[in-house]
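Chain residues, written in single-letter form:
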Amino acid sequence: MSITEIPTDVFLLIFEYLSPSDLIRCRLVSKNFFQVFTNSDLNRRALQEHFPMNRELRNWQPGEDINWADRFARVAARYHHLRAGEPRSIEKLPLAKSFILPKWARHYPVGTWEKYLSFEEKTAPFHYEDPLWTYDNGILVFPSAASKSYALYDLGSSKVHNIDLETDNKVLRRMRLKNGVLIVEWSEDDSYHRLNETENVHRHFATAYDMVKDTESGNWRLILRNEWKIHFLGIPLNSKDRFYSTHNATHYAIYFWQPNRSAWGEDDPIESLKVWDISAASSYLPSKDPTGEYKPDDGTGPKVIRHFSFGDLTFYDIRQRFAPKLNGIELDENNLYFIEEDHRWLVGNQASDNLPRLHKVKSTGIPFASGPMWQDECGADGDVNLSFCERARGKREPRKAPCWRHEEFPYLTVTEAVDAEAGVTFSARHCFTLESISIHFRPKVHTTAPGYEVSLKDDLWSQLLAHVILHFDRK
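Residues numbered from 1 in each chain as written. Predicted model: local features only at pLDDT ≥ 70, side-chain atom pairs only at ≥ 80, totals over all residues. Heavy atoms only, no water.

Q: For the pairing of strand E11 (residues 204–213), give the residues involved together with the corresponding values.
A: Of all 10 residues in E11, seven are buried, a share of seventy percent or more. Bridging between strand E8 (residues 181–188) and E11 involves seven bridges; their strand directions are antiparallel. From the neighbouring strand, Val181 faces E11, where its bridge partner is Asp210. Relative to strand E12 (residues 220–229), E11 is paired through nine bridges, and the arrangement is antiparallel. Within E12, the residue paired with Val212 across the bridge is Arg221. Here E11 folds back onto E12, and the loop between the two strands holds six residues, one of which, Gly218, carries a positive phi near 80 degrees. (Buried < 20%, exposed > 50% of the residue type's maximum accessible area, 1.4 Å probe, protein only. Helix = DSSP H or I, 4+ residues; strand = E, 2+ residues; numbered from the N terminus. Pairing = 2+ DSSP bridges.)

Shown next as structure tokens:
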């Protein structure tokens, strides 16, 4: 009997027992099998059965003409590699990095806190430098050693575009792409004035670019939105004067922590926190106008909407002093979030004298305008078997303490990339000499199996996590 002669209801019963790989292999049996197993409706049903949360299904509009056989094959291949813990392909992009030459690629990263994990003569990092590159929503921006320029790589179209960030007379401190806005934090290469006998001050700025894609050619270009001075006096280029920042499409926030250079060496560090509205475009460049003589009077361009004094930082319980716990800051439409954490095994010049029992994480939310603050914290205080809170696998949002960091204690989750809608999480964890990158599948990603976790090959740690940052999407 030919497969085309099998009654439909019987065939569908057989179909339900076939795995995605079986369905693809059946296409190779014969012309009749190929015709049956590439049926569009059948493949849409297979997608709904095996991969109900994939993006192709969620974005499908009834009536839209789609080759479901091709879609199912691509999605099945994607999840095959995910479940196997093996990459479909590896592309390596050489990065340009220098502090002297070439001038366009000069980079001086912001220093991390002086503390690290230590246990039974083993040590491991707790904080990491920012990477040279930045990624968001399928777009990678990086200093390309091959093209000798900053480049924008559209992973969806595989197109690479050189972009001009005008970095010849700049030292890049940090670069971040979020919500279609690229922000470059940089200092002038020449010092502005002398701070003391051993240190010089460099003026620091941030420049915002809107990323615009041409609908006809598919090419990307950067359009200058505005520029602003991020520190009113400037700071030295060193590893001790630190700043943390974040942004969204309309706002930018920055926190500074600077050692107090008092002759007596006893005063608390100098701290400041500001929130900017960066939504308005302006061609005015303060870096070209040191005296501010030509600053427009119409109030356009970036402006500070919230400035936190020492007293404000103390009131909100986020002043860091000599034992900083800050891990980062976040923003949403109306609030700033101050993310802190502390760990029982931390040592170093800036480690706390009062360490937590295990691993404490905390988020403090503060409105841009008036209104109450709120705090969410978790000490991961489990029982004698070190069981932890169930919140680690919950929804990630800045108003919630980042419990995912202690999800697999004593492993520390140093970074993760979450695709909540697809139910897939990439996690990178280390426990001193033990390092692992894994993919966790939430239940119902594959309806014939429960949620589970797959570890990637050990050699991928050094390849993927030179700067301990992971990014991915459902593709």
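Q: Quick rundown of a nonpolar patch on the surface? Include the residues and the values.
A: Nonpolar side chains collect at one region of the surface, where Phe99, Ile100 and Leu101 lie side by side and expose about 350 Å² of accessible area between them. With respect to the element layout, Ile100 can be found in the loop between helix H6 (68–84) and strand E1 (116–119). (Patch = residues over 30% accessible without salt bridge, like charges linked within 9 Å, V, L, I, M, F, W, Y side chains within 5 Å. Areas by Shrake-Rupley, 256 points an atom, 1.4 Å probe, with all protein chains shown as cover. Salt bridge = Lys/Arg side-chain N within 4 Å of Asp/Glu carboxyl O.)

Q: Quick rundown of the side chain of Arg429? Include the residues and the values.
A: For Arg429, the position within the fold is in strand E23 (residues 424–431). On the accessibility criterion, Arg429 (4% relative accessible area) is buried. Here the side chain of Arg429 touches Glu407 through a polar contact of 3.4 Å, side chain to side chain. At a separation of 3.2 Å, a polar atom in the side chain of Arg429 contacts the side chain of Thr413. (Polar contact = N/O pair within 3.5 Å; in protein donor to acceptor, adjacent residues only side chain to side chain.)

Q: Kindly report on the nonpolar core, identifying the contributing residues and their values.
A: If you look at the biggest cluster of nonpolar residues, it comprises 25 residues, and the most contacted ones within it are Phe11, Leu23, Phe37, Leu47, Phe51, Phe72 and Tyr79. Of all the elements in the fold, those that place two or more residues in this core are helix H1 (8–15), helix H2 (20–26), helix H3 (31–37), helix H4 (40–50), H6 and E23. Residues within four places of Phe11 in sequence aside, it is in contact with Ile3, Ile6, Val36, Phe37 and Leu42. (Core = buried A, V, L, I, M, F, W, Y, C linked by side-chain atoms within 4.5 Å. Contact = heavy atoms within 4.5 Å.)

Q: Tell me about the packing of H4 against H6, residues and numbers included.
A: Where H4 contacts H6, the two axes come as close as 7 Å, and the packing angle between them is 30 degrees. H4 and H6 meet at a crossing whose hand is left-handed. The residues of H6 that touch H4, namely those facing Ser40, Asn43, Arg44, Ala46 and Leu47, are Trp68, Ala69, Arg71, Phe72 and Val75. Classifying every residue of the contact of H4 with H6 gives six nonpolar, two polar and two charged. (Axes fitted to C-alpha atoms, helices over the stretch in contact; angles between N-to-C directions. Left-handed = near helix turned anticlockwise from the far one by under 90°. Nonpolar A, V, L, I, M, F, W, Y, C, P; charged D, E, K, R; others polar.)

Q: Got a sec to walk through the sheet that holds E1? Specific residues and values, please.
A: Taken in spatial order, the three strands make up an open sheet running E2-E1-E19, and their pairing is antiparallel. Strands at the two margins of the open sheet, each flanked by one partner only, are strand E2 (122–125) and strand E19 (346–347).

Q: Please give an account of the side chain of Arg173 that cites residues and values.
A: Within the fold, Arg173 resides in strand E7 (residues 170–178). Buried and unpaired, Arg173 has no salt bridge, with Glu185 as the nearest side chain of opposite charge at 8.1 Å. Polar contacts involving the side chain of Arg173 include one to the main-chain carbonyl oxygen of Tyr108, which spans 2.5 Å. Within polar-contact distance, the side chain of Arg173 engages the side chain of His204 at 2.8 Å. (Lys, Arg positive; Asp, Glu negative; His and termini not counted.)

Q: For the environment of Asn354, give the residues involved together with the corresponding values.
A: Relative to the helices and strands, Asn354 resides in the loop between E19 and strand E20 (359–367). Take Asn354: its relative accessible area is 63%, and that puts it in the exposed class. Once the C-alpha coordinates of Asn354 and Arg344 are considered, the two residues, 10 residues apart in sequence, prove to be 9.0 Å apart.

Q: Which residues make up H6, and what values do they have?
A: Over its 17 residues, H6 extends 24 Å from the first C-alpha to the last, a length consistent with the 24 Å expected when each residue adds 1.5 Å. Every buried residue of H6 is listed here: Trp68, Ala69, Phe72, Val75, Ala76, Arg78, Tyr79 and Leu82. Between the side-chain oxygen of the N-cap and the backbone nitrogen of Ala69 there are 3.2 Å, and the N-cap of H6 in question is Asn67. Positive backbone phi, at 70 degrees, marks Gly85, one or two positions downstream of H6. (Expected span 1.5 Å × (residues − 1).)

Q: Explain the pattern of salt bridges to me, and be specific about the residues and the numbers.
A: Tallied over the full model, the rule gives 24 salt bridges. For Arg225, the salt bridge goes to Asp210, with nearest N and O atoms at 2.7 Å. Within this pair, whereas Arg225 is found in strand E12, its partner Asp210 is found in strand E11, the two being separated by 15 residues in sequence. Among the salt bridges present, the one from Glu407 reaches Arg429, with a minimum N-O distance of 3.4 Å. With Glu407 in the loop between strand E21 (374–378) and strand E22 (412–419) and Arg429 in strand E23, this pair connects stretches of sequence that are 22 residues apart. Looking at Glu407, the relative accessible area reads 12%, which means it is buried.

Q: An account of the packing of aromatic side chains is requested, with residue identities and associated values reported.
A: Counted by the stated rule, this structure contains 20 aromatic pairs. Judged by centre distance (5.9 Å) and plane angle (70 degrees), the rings of Tyr337 and Trp374 are edge-to-face. Here Tyr337 is found in strand E18 (residues 335–343), whereas its partner Trp374 is found in strand E21, with 37 residues between them in sequence. Ring pairing ties together the aromatic residues Phe119, Trp345, Phe409 and Phe432, which thus form one cluster. If you follow Lys170 out to its NZ or CZ, it ends over the ring of Trp186, 4.3 Å from the centre. Over the ring of Tyr192 we find Arg203; its NZ or CZ atom is 5.0 Å from the centre of that ring. (Phe/Tyr/Trp six-rings, centres within 6.5 Å; stacked < 30°, edge-to-face > 60°. Lys NZ or Arg CZ within 6 Å of the ring centre and 35° of its normal.)

Q: Got a sec to walk through unusual backbone geometry? Specific residues and values, please.
A: Residue Pro410 is bonded to the preceding Phe409 through a cis peptide linkage, with omega at 15 degrees. Inspection of the secondary structure puts Pro410 in the loop between E21 and E22. One non-glycine residue with positive phi stands out, namely Glu121, at about 65 degrees. Note on placement: Glu121 falls in the loop between E1 and E2.

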